[in-house]
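One letter stands for each residue in the lines below.
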Amino acid sequence: MTYTVTHVEQVTGLSDQDLAGMSHGIQGLVGDKLALIRVSLMVSAGSSGSFDPGVLRLRSSATHADTAPVGGSLAPGRLGEGARIEGSVSFVVPRDSAQLTLHAPRVPGQVPLLSVDQAPAGAGTHAHAGPTTTPTTRPTARNN
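Rules used in this analysis
Residues numbered from 1 in each chain as written. Predicted model: local features only at pLDDT ≥ 70, side-chain atom pairs only at ≥ 80, totals over all residues. Heavy atoms only, no water. Helix = DSSP H or I, 4+ residues; strand = E, 2+ residues; numbered from the N terminus. Contact = heavy atoms within 4.5 Å. Areas by Shrake-Rupley, 256 points an atom, 1.4 Å probe, with all protein chains shown as cover. Buried < 20%, exposed > 50% of the residue type's maximum accessible area, 1.4 Å probe, protein only. Pairing = 2+ DSSP bridges.

**With respect to the overall build of the protein chain**
(1) Moving on: Summing up its helical and strand segments, the protein chain has zero helices and ten strands in all.
(2) Moving on: Long-range pairs, those at least 24 residues apart, make up 68% of the contacts in the protein chain with a sequence separation of at least 6.
(3) Moving on: Approximately 9600 Å² of the protein chain is accessible, and the part contributed by carbon and sulfur atoms is 52%.

What follows is the structure, encoded as structure tokens:
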């Protein structure tokens, strides 16, 4: 099987500020200290066989750590001779200005992708609104 990268992008989404601080409990939310990287691929078969994009890894130049995909539209499958399929896989990585490369373990070579941006100062923290106070009105006595 041959994997060909057709497109790569750092996906920008909603920030905690966009969500007005209501980011707790949102499943799959990528915080502002992290980036979602979407890699579009074409998988081609010379001869028939199976493929699994889940074996692909992103490697960071900052940490030299490998990151497994967290999802995507390209699921494991089988291709007939000469067939091909397109889809994407997504990875979540720190926003630390690292250069990212794509590789498959035990397969020689790496494909340079992009440099992730740097998280802004204060990323990963959000201000909780302090206690709100409601003006209290007190009844006043009137003398007539």
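**Observations regarding unusual backbone geometry**
(1) Moving on: The phi dihedral of His64 is positive, around 60°, even though this residue is not glycine.
(2) Moving on: Position of His64 relative to the elements: it lies in the loop between β4 (57-60) and β5 (66-67).
(3) Moving on: Judged by relative accessible area, His64 falls into the exposed class, the value being 60%.
(4) Moving on: Even without glycine at this site, Ser97 takes up a positive phi of about 65°.
(5) Moving on: Relative to the helices and strands, Ser97 resides in the loop between β8 (84-94) and β9 (99-103).

**Section: the sheet that holds strand β2 (residues 34-44)**
(1) Moving on: The four strands lie next to each other as β1-β2-β8-β6, forming an open sheet whose pairing is antiparallel. Of all the strands in the sheet, just β1 (2-11) and β6 (71-72) have a single pairing partner and so form its edges.
(2) Moving on: For β6 and β8, the ladder comprises two bridges, and the chain directions are antiparallel. When the bridges of β8 are listed, Gly71 appears paired with Ser90.

**Structural notes on the pairing of β9**
(1) Moving on: Where burial is concerned, most of β9 is hidden: four out of the five residues are buried.
(2) Moving on: The pairing of β4 with β9 spans four bridges and is antiparallel. Pairing of Arg57 across the sheet is with His103, part of β9.
(3) Moving on: Examined bridge by bridge, β9 and strand β10 (residues 111-115) share four bridges and lie antiparallel to one another. Across the sheet, the residue bridging to Gln99 is Ser115, located in β10.

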